[in-house]
Amino acid sequence: VDRYGLDGLDVDLEGELMTNIDNAGNYTPFVRELATALHRRGKILTAATGSYPGGMVPDASLPYFDLIGIMSYDQGGPTWGTPGGEHSTYAQAETDLALWIRKGVPASKLALGVPFYGRGFGSYPEGWSLQDIASQFGDRQLDRDVVGQRCGGCSYITYNGLPTLGQKGELAGAWGAGVMVWEVGQDLTDGRGIRRLVHGYRKGRSHARQ
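Residues numbered from 1 in each chain as written. Predicted model: local features only at pLDDT ≥ 70, side-chain atom pairs only at ≥ 80, totals over all residues. Heavy atoms only, no water.

Trainee: Describe the overall build of the protein chain, naming the residues involved and giving the relevant values.
Mentor: Scanning the protein chain from N- to C-terminus turns up six helices and nine strands. The globule rule puts the C-alpha radius of gyration for 210 residues at 17 Å, and the 18 Å found for the protein chain is close to it. By its C-alpha atoms, the protein chain is 50 × 40 × 35 Å across when sized along the principal axes. Out of the 210 residues in the protein chain, the part that is buried amounts to 41%. The contacts of the protein chain with a sequence gap of at least 6 include a subset with a gap of at least 24, amounting to 67%. Of the roughly 10,700 Å² that the protein chain leaves accessible, carbon and sulfur atoms contribute 50%. (Helix = DSSP H or I, 4+ residues; strand = E, 2+ residues; numbered from the N terminus. Rg over C-alpha atoms; globule rule 2.2 N^0.38 Å. Buried < 20%, exposed > 50% of the residue type's maximum accessible area, 1.4 Å probe, protein only. Contact = heavy atoms within 4.5 Å. Areas by Shrake-Rupley, 256 points an atom, 1.4 Å probe, with all protein chains shown as cover.)

Given below as structure tokens:
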């Protein structure tokens, strides 16, 4: 961090690995010492976290992070989730924000994670960037959140289209939270995804101030 002039570090330990470290009594002490060292240098410490039991950073570690990035995506995949479901819904974003606020984390320390990628099922390959979707199915496909029809055993691609990205940005802004993208390199070449997200966020902040 010192050598390259970085703003700080992000701790992205997830799932079983993180749980094992925490059960051994090592996660929160590690985060505490890391935060102390970074803060002495004027740097920040952030975390990426899921919102499901066994996938959430321990409550005891929360005070040491300057920002919590909520990975509000991957609710469904090849071997998990509800067959025919979406992988990153607006409703899930609301639920995840509410969960972390109930834990006592100020909204100003939360960043709602949104995906710039889709998950393919059935005959479709698993990974799709927004650019991939536009290139193969046309720009108008980005007005929707699914290619094909969602159902158990069906072939489809679930993702966040441009309207949904705008709505999620507005949600985060209205709640006073930030936004986190996984990942910006999967945006369209003209940056429409990030622009729609930022536009929604600013709209949400404007409404919140009113």
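Trainee: Could you give me a rundown of the sheet that holds strand 7 (residues 146-148), with the residues and numbers involved?
Mentor: The antiparallel open sheet is built from four strands, whose spatial order is 6-5-8-7. The outermost strands of the open sheet, each flanked by one partner alone, are strand 6 (127-129) and strand 7. Strand-to-strand twist across the sheet, computed as the mean angle between neighbouring axes with direction ignored, equals 20°. Where strand 7 and strand 8 (residues 156-158) come together, three bridges link them in antiparallel fashion. (Pairing = 2+ DSSP bridges. Axes fitted to C-alpha atoms, helices over the stretch in contact; angles between N-to-C directions.)

Trainee: Outline unusual backbone geometry, listing residues and values.
Mentor: Looking along the chain, the bond that leaves Trp-182 and enters Glu-183 is cis, with omega of -20°. Within the secondary structure, Glu-183 sits in the loop between strand 9 (178-182) and helix 6 (192-209). With phi around 60°, Asp-74 is a residue other than glycine that occupies positive phi space.

Trainee: Can you explain the side chain of Thr-28? Please cite residues and give values.
Mentor: Relative to the elements of secondary structure, Thr-28 occurs in helix 2 (residues 27-40). Exposure remark for Thr-28: the relative accessible area of 12% places this residue in the buried category. In this structure, Thr-28 is in contact with Asp-22, Pro-58, Ala-60, Ser-61 and Tyr-64, ignoring residues within four places of it in sequence.

Trainee: How would you explain the packing of aromatic side chains if you had to name every residue and give the values?
Mentor: Summed over all chains, the structure comprises five aromatic pairs. Here the aromatic rings of Tyr-124 and Trp-128 are separated by 6.1 Å at their centres, their planes lie at 80°, and the arrangement is edge-to-face. Exposure remark for Tyr-124: the relative accessible area of 23% places this residue in the partly exposed category. What links up through ring pairs into an aromatic cluster is the set Tyr-124, Trp-128 and Phe-137. (Phe/Tyr/Trp six-rings, centres within 6.5 Å; stacked < 30°, edge-to-face > 60°.)

Trainee: Account for helix 6, naming residues and giving values.
Mentor: Between its first and last C-alpha, helix 6 extends 26 Å over 18 residues, near the 26 Å set by a 1.5 Å rise per residue. Along helix 6, the residues that are buried comprise Gly-193, Leu-197, Gly-200 and Gly-204. Taken down its axis, helix 6 places every buried residue within 65° of arc, on the same side. For helix 6, the exposed residues lying more than 90 degrees away from the buried face are His-199, Arg-202 and Arg-209. Tucked into the core, helix 6 has its buried residues touching strand 4 (110-115), helix 5 (162-175) and strand 9. (Expected span 1.5 Å × (residues − 1). Arc of directions from axis to C-beta.)

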